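Coordinate inspection notes
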Amino acid sequence: MSTEDKPAAPRSLAEALRGRDDAALAALLRSRPDLITPVPTDLTQLATRAGTRASVVRALERLDRFALQTAEALAVSADPAPYEELLGLMTGDEADQTVAAALPHALANLREQALVWGPDDRLRLVRTARELLAPSPQHPSPTGLGPTVQEATSGMSPGRIQEIVTAAGLASTHDAVSAVAALTALFKDRKRMTALLAGAPEESLEVLRRLVWGPPYGQVTADPAARLRWLLDRGLLLPTAPGTVVLPREVALHLRHGHAHRATEPLPPPVEPAATHRPQVVDATAAGQAYSALATVEELLRDWDEGGPTVLRAGGLSVRDLKRTAVALDVPEPIAAFWVELAYAAGLIASDGEADERYAATPAYDEWLEQPADQRWVRLAEAWLAATRTAGLVGGRDAKERTMSALGPGLDRSAAPEVRHRVLALLAELPEGAAPSAESVLARLRWERPLRAPQRDDDLRTRLARWTLSEAEQLGVTGRGALSAHGRALIGAPAAKPAADAPAGPGDKLPVHHKHHRVPPREPLTPAEQAVASAAAARLLAPLLPEPLDHVLLQADLTAVAPGPLQRPLADMLDVLADVESKGGATVYRFTPGSVRRALDAGRSASDLHAFLAAHSRTPIPQPLTYLIDDVARRHGHLRIGAASAYVRCDDDALLNEILADKRAAALHLRRLAPTVLAAQADPAALLEGLRGMGFAPAAESAEGDVLITRAHAHRTPPRTAPEPVPDGPRAPDPTLLTAAIRAIRAGDLASTTPRKQTPVTNGELPRTGSAETLATMQAAVLTGETLWIGYVNAEGSASQRVIAPIKVEGGFVTAYDHTADEVRTYPLHRITGVAELADD
């Protein structure tokens, strides 16, 4: 292509965007969704928004490490810079071929996100990005490089510059500009710099080695040592302020052999499998964890069924209530916080909003209980994936040094859903049954989203990733550290391919495959995609879940063993009739006088209990259990307690004499009213508890003398919606919005950039013509098919510019094809402020 045929380089980012096709614009808006909120009026406004500090910072923070290193190298190169200069900064003098092969992809990524524009011979980093990444005394460059010779000598006297040039072995010049240029050329010349440094004292070279990788600034005294004086005289160190010197960028690059970074990382670190298991073992383990998760959430909600803990004034659970919940669930407090937050995220618990505000189950919990186990698990897993509330923060301190509590404020972290999806996606890239090492997952995440601050082990994304690996195992998304089949389906990942010749035993090492290509991070699924993925996950999980049993095994030691999960009616009745003694693969229930009395208080008779046990036991009912039930039933209700303040009545006056003689009854202040009636100053509830504590089995009665049946009353909140996740910035636009936005931007750009014929119009103002001229121009355009530029004021008084092709003019209206809106519209002529013809070209 000749020079005349070569298209002119864009002079601004707006011109560069104007040269993009719709697909490239869509890629920009998809990668930087903040640019489309609200939709820009034209490409100039889009370019302006893309250069704002907040938008550029957000874009830089979402770059992978190599793309960010490429941007950092451009920030310390010339502006504009040819591709060869950037390549040299990234590959160094030895021309690393791996870096050279990866650089075009990184540069294309920066161009796609409008952080870099211009052709390869004139690459420009967006001005705001250059300001953020270029070195300055207040904000050191991530490269560790300092200012150029020209920048460092900007405030230096011409005489001192000439002294440095002469000491460096260069001919003196007539002005400071040419002297600085000569010194810069010397420092960029590898051969001459090698010769210059060959005569340097070893102590001076050691000073350079300490500064070469940054920070490039050092302190000197008013009378520098000889090793420093040698460097200062030749400009290898330049003063920037009293007592401060800097290593010029060109000198540092020579000492670094041309490298802008100490370590360039063009390839993502591989996620290394630490062990592999048979896929069937992984899926079975994950399914077992999934069922345990359902049981734990049910136990939590059953514990809070009559009203859970009170809500703190500042919101959330108290430390004491969290400890009590952890004891009830038999898990550590951090794990209890996770289950509480998960149930809250799924909309199963909420505050009741009463004056004495408490946490309780929501009506959605009752609906959830009626669903099949696989559907119930999917709901929990979906809530976990999308939740921004982060249980791992519970017990930590917020910015104001306040302790963060479970269900309390301040637990939202908008990055949590993205980190969870990414961690699971990395696990999905491994062969079936492969469990990765946690450190390799963390290293990969750090490469994909490096921090611009110094790396720390406790940064938020690292902690989120660690919590994700732990929570996924507890929830049953993973099994033995490997992603399960239903876990893959949940995130929409394709089924894994088994590794060739992969070992089958647990703990065996898998071969590590170092790939020289990047797998782009997968975006979280849309709601429609997630519904399909969740249905697939439920189908895969359902056959792996254990079938609920309809029987238990009664034993002679007053226990019952449930060899697996029980059907709900059986489990509910056993929770009333017996106490859970131990959990695990089999649950052990113990029958006690208190538990049997609890069943009798709930309205069951002894015959009901015998019939229930006979119907659901695979073993004969042991005689000790029969005796226990009959003995408690015989004594149950023998004493009756009602409201006087309270009274005790019994047909057996000897039993009342026994109670009066018991010293433990002194606190109840009993006195005999009749041979079969005792009165008490305590209320009925306290009297019941007191006599039960003495070993009796009283029953409460109503004012009519009937036995009161005490059943637990389930407490529910009013209908509540699950907490909405806090988004991490604007959501990615869907294809429909993208198409409409690009059409609007193109149309607005056409209206603002189309050349017009000379008219008496001031820049930025609407065209102004009289009504007669407007009508005549419109009618002529209908005949000739010309396109016009008009000013229009709508009914709300909002003025706009439009490019139209008139089709018909009649009745005070013009019907025209509106290029700005890309549709045919009708405009009242009296609302058109003026009209101008477009230039012929």
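By convention here, each chain's residues receive numbers from 1 onward along its written sequence. Totals for whole chains, interfaces and linings use all residues, but because this is a predicted model, local features are given only for residues with pLDDT of at least 70 and pairs of side-chain atoms are given and counted only at 80 or more. Water and hydrogen atoms play no part in the side-chain values, which are based on all heavy atoms of the structure.

**A short note on the overall build of the protein chain**
We count it as follows: Counting from the N terminus, the helices are the DSSP runs of H or I reaching at least four residues and the strands are the DSSP runs of E reaching at least two. Note on exposure labels: buried denotes an accessible area under 20% of the residue type's maximum, exposed denotes more than 50%, and partly exposed covers the range between, all computed with a 1.4 Å probe on protein chains only. Throughout, a contact is declared for two residues whenever any of their heavy atoms are within 4.5 Å. Working definition of accessibility: Shrake-Rupley area with a 1.4 Å probe, residue cover restricted to the visible protein chains. Charged residues are defined here as Lys and Arg on the positive side and Asp and Glu on the negative side; His and the ends of the chain fall outside this count. Note that the charge is assigned to NZ on lysines, CZ on arginines, CG on aspartates and CD on glutamates.
Of the regular secondary structure elements, the protein chain holds 33 helices and 25 strands. Each principal axis of the C-alpha distribution contributes one length, and for the protein chain these read about 125 × 95 × 60 Å. The burial tally for the protein chain puts 47% of its 841 residues in the buried class. Long-range contacts, defined here as pairs at least 24 residues apart, represent 66% of the contacts in the protein chain between residues at least 6 apart. Carbon and sulfur atoms form 54% of the exposed surface of the protein chain, whose accessible area is close to 40,800 Å². Within the protein chain, the 104 negative side-chain charges are centred at a point lying 3 Å from the centre of the 90 positive side-chain charges.

**Quick look at the sheet that holds strand β21 (residues 788-793)**
Strand pairing in a sheet relies on backbone hydrogen bonds, with the paired strands running either antiparallel or parallel. Stated precisely, the cut-off is as follows: Here, any two strands with at least 2 DSSP bridges between them count as paired. For helices, the fitted line uses only the C-alpha atoms of the stretch in contact; every axis is such a line through C-alpha atoms, and the angle between N-to-C directions lies from 0 to 180 degrees.
Pairing within the open sheet is antiparallel, and its five strands lie in the order β24-β23-β22-β21-β25. This sheet does not close on itself; its edge strands, each paired only once, are β24 (823-828) and β25 (832-837). On average, each strand axis in the sheet is inclined to that of its neighbour by 45°, with strand direction left out of account. The sheet strands contacting helix α33 (residues 771-784) are β21, β22 (799-810), β23 (813-818) and β25, and the helix crosses β22 at an angle near 60°.

**Looking at empty space enclosed by the protein**
Any empty space left between atoms is shown by rolling a water-sized probe over those atoms. Threshold: Cavity means a closed set of points on a 1 Å grid over the protein atoms alone, one where a 1.4 Å probe fits but cannot get out, pocket means an open set with protein on both sides within 12 Å along at least 5 of 7 lines, and lining means a residue has an atom within 4 Å of a point. Grid points are joined across faces, edges and corners, and a volume is the space filled by probe spheres set on the points. Each residue is assigned to one of three groups, with Ala, Val, Leu, Ile, Met, Phe, Trp, Tyr, Cys and Pro labelled nonpolar, Asp, Glu, Lys and Arg labelled charged, and all others, Gly among them, labelled polar.
By the definition in use, this model includes three cavities of 30 Å³ or more. There is about 100 Å³ of room inside the largest cavity. In terms of lining, the largest cavity is formed by F338, E341, L342, A345, W384, A387, R389, T390, A391, R420 and E471. In terms of residue count, helix α18 (residues 333-345) provides more of the lining of the largest cavity than any other element does, four residues in total. A per-class count over the lining of the largest cavity returns six nonpolar, one polar and four charged.

**Comments concerning the pattern of salt bridges**
We count it as follows: Criterion for a salt bridge: a side-chain nitrogen of Lys or Arg within 4 Å of a carboxyl oxygen of Asp or Glu.
Overall, the coordinates contain 36 salt bridges when judged by the stated rule. A salt bridge links E131 to R127; the shortest N-O distance between them is 3.0 Å. Here R127 and E131 lie together in helix α8 (residues 127-133), a separation of four residues that amounts to about one turn. In this structure R127 comes out as exposed when scored by relative accessible area, which is 59%. Among the ionic pairs, R160 bridges to E163, the shortest N-O distance being 3.1 Å. With R160 and E163 both in helix α10 (residues 158-167) and three residues apart, this pair spans about one turn of that helix. On the basis of relative accessibility, which here comes to 24%, the residue R160 falls in the partly exposed class.

**Description of the packing of aromatic side chains**
Quick note on the threshold: Aromatic pairs are defined between Phe, Tyr and Trp rings, using the six-membered ring for Trp, whenever the two ring centres lie within 6.5 Å; interplanar angles under 30 degrees are classed as stacked, those over 60 as edge-to-face, and all others as tilted. Placement of a positive charge over a ring is assigned whenever Lys NZ or Arg CZ falls within 6 Å of the ring centre and within 35 degrees of the normal to the ring plane.
A full pass over the atoms with the stated rule returns four aromatic pairs. Here the aromatic rings of F338 and W339 are separated by 4.9 Å at their centres, their planes lie at 55°, and the arrangement is tilted. Take F338 and W339: they sit in the same class, and that class is buried. Over the aromatic face of W368 sits the side chain of R376, whose NZ or CZ is 5.4 Å from the ring centroid.

**Focus: the nonpolar core**
Rules: The definition of a nonpolar core used throughout is a set of buried Ala, Val, Leu, Ile, Met, Phe, Trp, Tyr and Cys residues joined through side-chain atoms within 4.5 Å.
F187, L236 and L237 are the most contacted members of the largest nonpolar core, which totals 89 residues. Among the elements that take part in this core, helix α5 (residues 65-75) stands out by supplying seven residues, more than any other. With residues near it in sequence (within four places) discarded, F187 still touches V149, M193, L196, R234, G235, L236, E250, V251 and H254. Counting 70 residues, the second-largest nonpolar core is a separate cluster that includes Y291, L369, A387 and L545.

**Digging into the environment of R716**
Within the fold, R716 resides in the loop between β20 (699-700) and α32 (735-753). A residue is classified by how much of its surface remains accessible, and R716, at 22% relative accessible area, is partly exposed. With residues up to four places along the chain from it excluded, the contact list for R716 reads D305, A361, T362, P363, Y365 and D366.

**Details of the pairing of strand β18 (residues 671-674)**
Of the strand pairs in this sheet, β18 and strand β19 (residues 677-680) are connected by three bridges, and their pairing is antiparallel. Note that in β19 the partner of R672 across the bridge is L678. Turn length for the β18-β19 hairpin, with the two strands adjacent in sequence and antiparallel, is two residues.

**Observations regarding the sheet that holds strand β3 (residues 217-219)**
Read across the open sheet, the three strands follow the order β3-β5-β4; overall the sheet is antiparallel. Edge positions in the sheet fall to β3 and β4 (238-241), since each of these pairs with one other strand and no more. Mean inter-strand twist for the sheet, computed between neighbouring axes without regard to direction, equals 40°.

**Remarks on the confidence of the model for the protein chain**
The criterion, for reference: One number per residue, pLDDT, summarises how confident the predictor is, and it ranges from 0 to 100.
Across the protein chain, the average pLDDT comes to 85, with 90% of residues at 70 or higher. Across residues 499-519 the pLDDT falls below 50, and counting only partners more than four positions away or on other chains, this stretch makes 38 contacts in the model. Predicted confidence is poor over residues 758-763, with pLDDT under 50, and the contacts of this stretch with residues over four places away or in other chains come to four contacts.

**Brief notes about the pairing of β19**
Examined bridge by bridge, strand β17 (residues 646-649) and β19 share four bridges and lie antiparallel to one another. Looking at β19, one finds that Y647 is bridged to A679.

**A word on the environment of L74**
Relative to the helices and strands, L74 is located in helix α5. Given the relative accessible area of 1%, L74 is considered buried. Spatially, the C-alpha atoms of L74 and R420 are 33 Å apart, while their sequence positions differ by 346 residues. Look past the residues within four positions of L74 in its chain and what remains in contact with it is A81, L86, L107, V116, L123, L125 and R130.

**Observations concerning the packing of helix α28 (residues 606-616) against helix α29 (residues 623-635)**
Our working rule: Orientation is classified from the angle alone, with under 35 degrees giving roughly parallel, over 145 giving roughly antiparallel, 65 to 115 giving roughly perpendicular, and any other angle giving oblique. Take the far helix as the reference: if the near one is turned anticlockwise from it by less than a right angle, the crossing is left-handed, and if turned clockwise, right-handed.
Between α28 and α29, the least distance of the axes is 9 Å, while the angle of their chain directions is 160°. Classed by the angle they form, the pair α28 and α29 counts as roughly antiparallel. Seen from above, α28 lies across α29 with right-handed handedness. Listed contacts from α29 to A606, L609, H610 and L613 of α28 are L625, T626, I629, D630 and A633. Classifying every residue of the contact of α28 with α29 gives six nonpolar, two polar and one charged.

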